[in-house]
Amino acid sequence: MPKRVDHEERRAQIAEALIQVAGRRGLHAVGMRDVAAEAGVSLRLVQYYFETKEKLLFYGLRHLTDRFTARVGARVAAAGPDPGPRATVEALLLASLPTDNESRTFHLLYSSYAILSVTDEALAAQPFVDNPDAAENTLTALLEQAREAGLADPDADARTEAISLLAMAATMGTSILVGQRTPESAITVLRHHLDRIFTTAGNSGSGSPPL
């Protein structure tokens, strides 16, 4: 009896191959044939599941985002059973910095997809992510929670600070990729700004998640 094919598992296998190839060569240089070779399947099979390169790229981005979400969850869990808003915010920001192979690939491909979607009509026609403001909303809620609990500057505007922190993390992530600064120096800058936002009480009760 022929083995039953798990289609989602097959899509994930192909998406992983895309991520591996694009992490080495850059997203712009990846073709469906390259992905098929990396996954050890036929080009026809890749085309069967994704039809076009744009659909493959979009699915790969969603797959990458799911991995990033799991990475953030692991960092938050590592901070303890009740990490508090400061440690949770820090975990989310540090997870996005390219400090190892996985996070480097995430930052490189996520940034590349955003740039390609500006000039590629087929990519631009698809939503970049399901909720592009998800991280901003999450950080804003955490900062509001900290402020209401007396753990953050009562005069800080949570939305503005969330936007600033995310922009800072994204920019410093790129500077790490191009060798302008080390991961350690970027983390120091991020923690400096978190110290500015969170009060002494907030800092002492949260603890910093591991690098």
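The structure under discussion appears in the preceding block.
Notes on the structure follow.

Procedures and definitions
- Residues numbered from 1 in each chain as written.
- Predicted model: local features only at pLDDT ≥ 70, side-chain atom pairs only at ≥ 80, totals over all residues.
- Heavy atoms only, no water.
- Helix = DSSP H or I, 4+ residues; strand = E, 2+ residues; numbered from the N terminus.
- Buried < 20%, exposed > 50% of the residue type's maximum accessible area, 1.4 Å probe, protein only.
- Contact = heavy atoms within 4.5 Å.
- Areas by Shrake-Rupley, 256 points an atom, 1.4 Å probe, with all protein chains shown as cover.
- Arc of directions from axis to C-beta.
- Core = buried A, V, L, I, M, F, W, Y, C linked by side-chain atoms within 4.5 Å.
- 1 Å grid on protein atoms, 1.4 Å probe; cavity = no way out; pocket = protein on both sides within 12 Å on 5 of 7 lines; lining within 4 Å.
- Points joined across faces, edges and corners; volume = space filled by probe spheres on them.
- Axes fitted to C-alpha atoms, helices over the stretch in contact; angles between N-to-C directions.
- Parallel < 35°, antiparallel > 145°, perpendicular 65-115°, else oblique.
- Left-handed = near helix turned anticlockwise from the far one by under 90°.
- Nonpolar A, V, L, I, M, F, W, Y, C, P; charged D, E, K, R; others polar.
- Salt bridge = Lys/Arg side-chain N within 4 Å of Asp/Glu carboxyl O.
- Phe/Tyr/Trp six-rings, centres within 6.5 Å; stacked < 30°, edge-to-face > 60°.

**Description of the overall build of the protein chain**
Here is step 1: Helices and strands together make up the secondary structure of the protein chain, namely 11 helices and zero strands.
Here is step 2: Taken from the N to the C terminus, the helices and strands of the protein chain come in the order α-α-α-α-α-α-α-α-α-α-α.
Here is step 3: For the protein chain, the proportion of its 211 residues judged to be buried stands at 39%.
Here is step 4: Considering only intrachain contacts with a sequence separation of at least 6, the fraction spanning at least 24 residues in the protein chain is 67%.
Here is step 5: When the accessible surface of the protein chain is totalled, it reaches about 11,400 Å², and 53% of it is carbon and sulfur.

**Side note on helix 3 (residues 43–50)**
Here is step 1: Buried residues of helix 3: V46, Y49 and F50, and no others. The buried residues of helix 3 occupy one face: seen down the axis, they fall within an arc of 80°. Exposed residues lying more than 90 degrees from the buried face of helix 3 are R44 and Y48.
Here is step 2: Of the residues flanking the end of helix 3, it is E51, one or two places downstream, whose phi is positive at about 65°.

**Brief notes about the nonpolar core**
Here is step 1: Of all hydrophobic cores here, the largest spans 51 residues; its most connected members are V46, L56, V89, L93, L165, L190 and F198.
Here is step 2: Excluding residues within four positions of it along the chain, L93 makes contact with L139, L165, L166, A169, L190 and L194.

**Brief notes about empty space enclosed by the protein**
Here is step 1: One pass over the full model with this rule turns up three cavities of 30 Å³ or more.
Here is step 2: One number sums up the size of the largest cavity: a volume of about 60 Å³.
Here is step 3: If you go around the largest cavity, the residues you meet are L18, I19, L27, L57, G60, L61, L64, L109 and Y113.
Here is step 4: For the lining of the largest cavity, the secondary-structure elements that each account for two or more residues are helix 1 (7–25), helix 4 (53–78) and helix 6 (101–119).

**Here's the deal with the packing of helix 4 against helix 6**
Here is step 1: At their nearest, the axes of helix 4 and helix 6 sit 10 Å apart, and the two run at 140° to each other. By the criterion of interaxial angle, the relationship of helix 4 to helix 6 is oblique. You can see that helix 4 and helix 6 cross each other, and the crossing is left-handed. For the pair helix 4 and helix 6, contact is made by L57, F58, L61, L64, T65, R67, F68 and R71 and by E102, S103, T105, F106, L109, Y110 and Y113, respectively.
Here is step 2: Taken together, the residues of the contact of helix 4 with helix 6 sort by class into nine nonpolar, three polar and three charged.

**Here's the deal with the pattern of salt bridges**
Here is step 1: On inspection of all chains with the given rule, the structure shows 13 salt bridges.
Here is step 2: A cluster of three or more residues bridged by salt bridges with shared partners is formed by E16, R67, R71, D100 and E102.

**Notes on unusual backbone geometry**
Here is step 1: The phi angle at E51 is positive, at roughly 65°, despite the residue not being glycine.
Here is step 2: Summarising the element assignment, E51 is placed in the loop between helix 3 and helix 4.
Here is step 3: Relative accessible area serves as the criterion here: at 54%, E51 is assigned to the exposed category.

**Observations regarding the packing of aromatic side chains**
Between two aromatic rings, the relevant description is the distance of the centres plus the angle of the planes.
Here is step 1: A full pass over the atoms with the stated rule returns four aromatic pairs.
Here is step 2: With a centroid separation of 5.3 Å and 55° between ring planes, the pair formed by F50 and Y59 is classed as tilted.
Here is step 3: Accessibility expressed as a relative area gives 4% for F50, which makes it buried.
Here is step 4: Ring-pair connections join several aromatic residues into one group, and the members of that group are F68, F106 and Y110.

**As for the environment of G26**
Here is step 1: Within the fold, G26 resides in the loop between helix 1 and helix 2 (32–39).
Here is step 2: Along the primary structure G26 and L109 are separated by 83 residues, whereas in three dimensions their C-alpha atoms are 7.5 Å apart.

**A short note on the side chain of T105**
Here is step 1: By secondary structure assignment, the location of T105 is in helix 6.
Here is step 2: Using a relative accessible area of 14% as the deciding quantity, one classes T105 as buried.
Here is step 3: Residues contacting T105, with those up to four places away along its chain left out, are I19, G23 and L64.

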